[in-house]
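Inside the fold
Below, each chain spelled out in residue letters.
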Amino acid sequence: MKAPALVVDVAWVNGLAAIRSLGRAGVPVIAVDHRPSALGFRSRYARPVLSPDPQDEGAFISFLAELGEELEAPAPVFATHDEPLNAIARGAERLGDRFLYPFPPWELLARIQTKRGQLEAALAAGIPVPRTTYPASAAEARAAAEELGYPALVKPSSTEGFKRRFGRQAFRCESGAEVELAYADAEPYEPMVQEVIPGGDGELYSLGSYLAADGEPLGLFCGRKLRQTPPGVGTCRVGEAVWVEEVVQQGLTLLRALEFTGLSQVEFKRDPRDGSFKLMEINPRLWQWHGLASACGVDLPRIAYQDLTGERPEPVSMNGADDLVWAISLMPGEKPAVPRLPYVDAVFARDDLKPGLVHAARIVRNAFR
């Protein structure tokens, strides 16, 4: 029997996609979340386990340690958001050999989990980045924004907890007063001020990959966003598979410069002013639309699982599998987003019906409220 795998933080589609990838490969999946309503708990491929909130890091790691004691073999553990990922990485010494990790040790991961560290590494590797400053006060932030020009972004360098608190990934500011207010709100998260790269959501391109411990890429995917929610600075609602060699090579160059191994998404934005691809962020984990990679034959959770458990797979990439589209077709309070057929739906699946039915029922209830 195969060793189990943990998927942590399964409330939304990134966790659900990981559960399905592993479950379809015959892997026993333990779905871990602190919310009983988590969508991944409804999947037929998972055994749901309710955990403490990862914000209570001590209780969360104690819970995982106890869970690990019950396992007959070390289990790969897949985090789908930064809070549980960072907690697990920081607690890895305490967790010991109960788990296998598709990410580097915390001493390496800590730098990658700061936007400033990412941008500085990119510059050192010769990779273009947006013009960015690191002000020490609201007044300095305003002066920086005036120099960069409006609109300007105030973004956290230390992102952990930012989105949970503010419900967004950055503040888009149209004036000096807005910059000062945003800086004050974001001050605990080491705010930086950054230029807005022109162009729509369709200019955002990603490399998704799994790098083995020796640095070899065992899975490579490339795609771009077609639509975000909310537009401009949001998460993917519709995405498309498209191979762009420059994106792939820049992403690999940066990951190697950071000595990164494991699962990641490296996102760039194509700057229409000069055609360059500028670094937006690195997510050192499974990202929201990784289910599209699986549909293109690059099943990153399965690849990582096989490598971590000693069954190293042959390298695979989706080059040549362009044009397949992924979408979250239904979301509460928003118009449907049904792209051209055929497409990969993030929630609805014929072999795993219950999550889709639960999701649809929640949308209907929300509409009637």
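Numbers given for residues are sequential positions, taken from 1 along each chain in its written order. The predicted origin of the model limits local features to residues at a pLDDT of at least 70 and limits the giving and counting of side-chain atom pairs to 80 or more, whereas totals for whole chains, interfaces and linings rest on all residues. Where side-chain values are given, they derive from all heavy atoms of the structure, hydrogens and water being excluded.

**Here's the deal with the sheet that holds strand β4 (residues 75-79)**
For two strands to be treated as a pair, DSSP must find at least two bridges joining them. By the criteria applied, helices consist of DSSP H or I runs no shorter than four residues and strands consist of E runs no shorter than two, each listed in order from the N terminus. Strands sit in the order β3-β2-β1-β4-β5 across an open sheet of 5 strands; the sheet is parallel. With partners counted over all chains shown, the strands left at the sheet margins are β3 (46-50) and β5 (99-100), one partner each. The pairing of strand β1 (residues 5-8) with strand β2 (residues 29-33) spans 4 bridges and is classified as parallel. Bridged to Leu6 within β2 is Ile30.

**Some points on unusual backbone geometry**
In this structure, Pro151 follows Tyr150 across a cis peptide bond, with omega equal to 0°. In this structure, Pro151 sits in the loop between α7 (138-148) and β7 (152-156). Residues Thr229 and Pro230 are joined by a peptide bond in cis, for which omega reads -10°. Looking at the secondary structure, you find Pro230 in the loop between β11 (217-229) and β12 (235-241). Even without being glycine, Glu190 reaches a positive phi, approximately 55°. With phi around 60°, Glu259 is a residue other than glycine that occupies positive phi space. As for its placement among the helices and strands, Glu259 is situated in the loop between α10 (245-257) and β13 (262-270). Partly exposed describes any residue whose relative accessible area lies between the buried limit of under 20% and the exposed limit of over 50%, with all areas from a 1.4 Å probe on protein chains only and scaled to the type maximum. Glu259 gets classed as exposed once you look at its relative accessible area, which sits at 57%.

**Side note on the pattern of salt bridges**
Salt-bridge detection follows one rule: a side-chain nitrogen of Lys or Arg within 4 Å of a carboxyl oxygen of Asp or Glu. According to the stated counting rule, one finds 27 salt bridges in the structure shown. Note that Arg24 and Asp351 form a salt bridge whose closest N and O atoms lie 2.8 Å from each other. You can see Arg24 sitting in helix α1 (residues 13-24) and its partner Asp351 sitting in the loop between β17 (343-345) and α13 (353-368), a full 327 residues away along the chain. For Glu69, the salt bridge is made with Arg98, and the minimal N-O distance between the two is 2.5 Å. Of this pair, Glu69 sits in helix α2 (residues 57-69) while Arg98 sits in the loop between α4 (92-95) and β5, and the two are 29 residues apart along the sequence. Each member of the salt-bridge network shares a partner with another, and the members are Arg131, Glu195, Asp271, Arg273 and Lys278.

Limitation: the analysis is restricted to geometry and does not speak to function.
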